[in-house]
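So you can see what is in the structure, the chains are spelled out below.
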Amino acid sequence: MLATAGIVFAASGGNGDHGGPGWVATDTYRVMNFIALVLILFFALKKPLKQFLGDRIRVIKEQLDDLEAQKQETEKKLAEYNDRLSALSQEAEQIIDQYRQQGENLKEKILQEAQSAAGKLEEQARRNIEMEFAQAKLKLETEVFEKAIEKAEEKLKRETTPEDQEKLVQEYLTKVVTK
């Protein structure tokens, strides 16, 4: 009411008469009209305004309740997602540990196979060396034997006289005839 009082006084005529007669009867009627209008508006709009504000309060409360319910539901989902995430993290760690263990097992298996293969290669090399050594020994013995025979032939040729040859032929013939 006080806010509209200025408007009422401004509508009072405004004829530039500031030092005029003062309060006039028309001013009283205007104030009374204004008070009557305010009272009529107050009583006429009291119930709809109260209902509007009550409805607005009820709607806001419902919205707050809905938002609270959504917040709780979201917090539940967040907790569920956090649980899932931690479960996934643990599962990922388990999978990584399993792959790491499989890698270690495979590494050990490969090392064992490599050691086994190295042992087989070493044994094969040893047998090859022994065989080559035996062949070389046999070849060397053969060469030594051939050289010994050559030397013996040379020595026999040098030291044998025609009389020795005649004697040998006679001995040979005697042996052949007696047999």
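Residues numbered from 1 in each chain as written. Predicted model: local features only at pLDDT ≥ 70, side-chain atom pairs only at ≥ 80, totals over all residues. Heavy atoms only, no water.

### Regarding the overall build of the protein chain
Move 1: When you go through the protein chain residue by residue, the secondary structure sums to three helices and zero strands.
Move 2: Ordered by position from the N terminus, the helices and strands of the protein chain form the series α-α-α.
Move 3: The buried share of the protein chain, taken over its 179 residues, is 2%.
Move 4: Counting only carbon and sulfur atoms, one obtains 61% of the accessible surface of the protein chain, whose full area is about 16900 Å². (Helix = DSSP H or I, 4+ residues; strand = E, 2+ residues; numbered from the N terminus. Buried < 20%, exposed > 50% of the residue type's maximum accessible area, 1.4 Å probe, protein only. Areas by Shrake-Rupley, 256 points an atom, 1.4 Å probe, with all protein chains shown as cover.)

### Re the pattern of salt bridges
Move 1: One pass over the structure, following the stated rule, counts eight salt bridges.
Move 2: The shortest N-O distance in the salt bridge between Glu123 and Arg126 comes to 3.1 Å. Here the residue Glu123 and the residue Arg126 both occupy positions in helix H2 (residues 25-159), the gap between them amounting to three residues, near one helical turn.
Move 3: Classification of Glu123 as partly exposed rests on a relative accessible area of 34%.
Move 4: Salt bridges linked by common partners bring Glu122, Glu123, Arg126 and Arg127 together as one network. (Salt bridge = Lys/Arg side-chain N within 4 Å of Asp/Glu carboxyl O.)

### Some words on a nonpolar patch on the surface
Move 1: Judged by side-chain polarity, Leu37, Leu41, Leu45, Leu49, Phe52 and Leu53 come together as a nonpolar surface patch covering roughly 580 Å² of accessible area.
Move 2: By the secondary structure assignment, Leu53 is in helix H2. (Patch = residues over 30% accessible without salt bridge, like charges linked within 9 Å, V, L, I, M, F, W, Y side chains within 5 Å.)

### Quick look at H2
Move 1: The end-to-end C-alpha distance of H2 is 186 Å, a good match for the 201 Å that 135 residues give at a rise of 1.5 Å each.
Move 2: Its maximal kink placed at Lys46, H2 deviates by approximately 45 degrees, while the proline Pro48 follows within four residues.
Move 3: Buried residues of H2: Asp27, Phe34 and Val38, and no others. (Expected span 1.5 Å × (residues − 1). Bend = angle between axes of the 7 residues up to and from the residue.)

### Points about the packing of aromatic side chains
Move 1: Following the criterion strictly, the structure yields one aromatic pair and no others.
Move 2: Plain terms: the ring middles of Phe42 and Phe43 are 5.4 Å apart, the flat faces sit at 70 degrees to each other, and that makes the pair edge-to-face. (Phe/Tyr/Trp six-rings, centres within 6.5 Å; stacked < 30°, edge-to-face > 60°.)

### What to know about the confidence of the model for the protein chain
Atom-level detail of predicted coordinates should not be read off regions where pLDDT is low.
Move 1: Looking at the protein chain, the pLDDT average stands at 86 and 87% of residues meet or exceed 70.
Move 2: Ranking the helices and strands of the protein chain by mean pLDDT puts H2 first, with 91, and helix H1 (residues 2-10) last, with 60. (pLDDT = per-residue confidence, 0-100.)

### Here's the deal with a negative patch on the surface
Move 1: Negative charge collects at one region of the surface, where Glu143, Glu146, Glu150, Glu153 and Glu154 lie side by side.
Move 2: Mapped onto the secondary structure, Glu154 falls in helix H2. (Lys, Arg positive; Asp, Glu negative; His and termini not counted. Charge placed at Lys NZ, Arg CZ, Asp CG, Glu CD.)

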